[in-house]
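Each chain, letter by letter, is given below.
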Amino acid sequence: MASTADIRNGVVLNIDGQLWAVTDFQHVKPGKGGAFVRTKLKNVVTGKTVDRTFNAGAKIETENVDRQDFQYLYADGDSYVFMDVSDFDQLHVPALVVGDATNFMLENQNVTIALHNGNPLYVELPASVVLEITYTEPGLQGDRSTGGTKPATVETGFQIQVPLFLEQGTRVKVDTRTGDYLGRVN
């Protein structure tokens, strides 16, 4: 057990059996009444964000979450296989835990996996990845780079919006948080 004085950004709390990461906190001492700590918490599993207030000095339960580097190897049915880069152990992660990260994962790509008591909580990708366009309609004559966008399928099977001048086989940088096109890669 810890107290509210131990609340910092990145600390993981166990509240009602669920794990919540502190994304923002503020210690408030009003002129009248007792001090309290205002926090913004993000559910580690679902990603839901809530505001929660704790009285100063209240006891809270913190949890230890390890973030380790892994390398994505391959998909195996309804799970994904990752290799720990430090000791080469393999870890099977269910598709539900991997979530939308599958849209941007290529084999042999390095990722960070958060583990709690040996159980994977979520997969964290780099901010952007380089993917190759495997299919897109050809741009029309007279299209300019400042024009509109068209759908394109990348090598993972995910569909993104790209400028009209891009062609099949072009390597592009994609934001893993939003799925937006960031630019061409030579």
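For the structure itself, consult the block above.
Criteria and cut-off values
Residues numbered from 1 in each chain as written. Predicted model: local features only at pLDDT ≥ 70, side-chain atom pairs only at ≥ 80, totals over all residues. Heavy atoms only, no water. Helix = DSSP H or I, 4+ residues; strand = E, 2+ residues; numbered from the N terminus. Core = buried A, V, L, I, M, F, W, Y, C linked by side-chain atoms within 4.5 Å. Buried < 20%, exposed > 50% of the residue type's maximum accessible area, 1.4 Å probe, protein only. Contact = heavy atoms within 4.5 Å. Pairing = 2+ DSSP bridges. Salt bridge = Lys/Arg side-chain N within 4 Å of Asp/Glu carboxyl O.

Novice: Could you give an account of unusual backbone geometry, naming the residues involved and the relevant values?
Specialist: Even without being a glycine, Phe88 presents a positive backbone phi close to 65°. In this fold, Phe88 is placed in the loop between strand S9 (79–84) and strand S10 (90–94).

Novice: Can you break down the nonpolar core residue by residue, with the values?
Specialist: The nonpolar side chains of soluble globular proteins are, as a tendency, buried together. By size, the foremost hydrophobic cluster in this structure holds 25 residues, and its most contacted members are Phe82, Val98, Met105, Ile113 and Val123. Secondary structure elements with two or more residues in this core: strand S8 (66–76), S9, S10, strand S11 (110–116), strand S13 (128–136), strand S14 (149–154), strand S15 (159–163) and strand S16 (171–175). Discounting chain neighbours no more than four positions away, the residues touching Val123 are Phe82, Val93, Val97, Val98, Ala101, Met105, Val111, Thr112 and Ile113. Listed in part, the 10 residues of the second largest apolar core include Ile15, Val22, Phe54 and Ile60.

Novice: Please give an account of the environment of Val85 that cites residues and values.
Specialist: Counting through the fold element by element, Val85 comes out in the loop between S9 and S10. With 86 residues separating them in the primary sequence, Val85 and Arg171 have C-alpha atoms 27 Å apart. Once you skip the residues sitting within four places of it in the chain, Val85 turns out to touch Asp69, Phe70, Gln71 and Asn110.

Novice: Summarise the sheet that holds strand S5 (residues 49–55); cite the residues concerned and give the values.
Specialist: Pairing is antiparallel in the open sheet, where five strands are placed in the order S5-S4-S3-S2-S7. Edge positions in the sheet fall to S5 and strand S7 (62–63), since each has one partner strand and no second. Here four bridges tie strand S2 (residues 12–15) to strand S3 (residues 18–28), and the two strands are oriented antiparallel to one another. Counted as the bridge partner of Ile15 is Gln18 from S3.

Novice: Go over the pattern of salt bridges, please, and point to the residues and values.
Specialist: Overall, the coordinates contain three salt bridges when judged by the stated rule. Note that Arg177 is salt-bridged to Asp175, the shortest N-O span being 3.3 Å. Judged by relative accessible area, Asp175 falls into the buried class, the value being 10%.

Novice: A description of the pairing of S16 should follow, citing residues and the corresponding values.
Specialist: Sheet analysis places S13 next to S16, joined by five bridges and oriented antiparallel. Each bridged residue has a counterpart across the sheet, and for Val129 the counterpart in S16 is Val174. With four bridges joining them, S16 and strand S17 (residues 181–185) adopt antiparallel strand pairing. Directly across from Val172, in S17, lies its bridge partner Arg184.

Novice: Can you tell me about the environment of Arg177, naming the residues and giving the values?
Specialist: Structurally, the position occupied by Arg177 is in the loop between S16 and S17. Taking the C-alpha atoms as reference points, Arg177 and Ala101, separated by 76 residues in sequence, lie 8.9 Å from one another.

Novice: An account of the environment of Arg171 is needed here, citing residue identities and associated values.
Specialist: Mapped onto the elements, Arg171 comes out in strand S16. For Arg171, a relative accessible area of 37% corresponds to the partly exposed category. For the pair Arg171 and Ala75, spaced 96 residues apart in sequence, the C-alpha to C-alpha distance is 23 Å.

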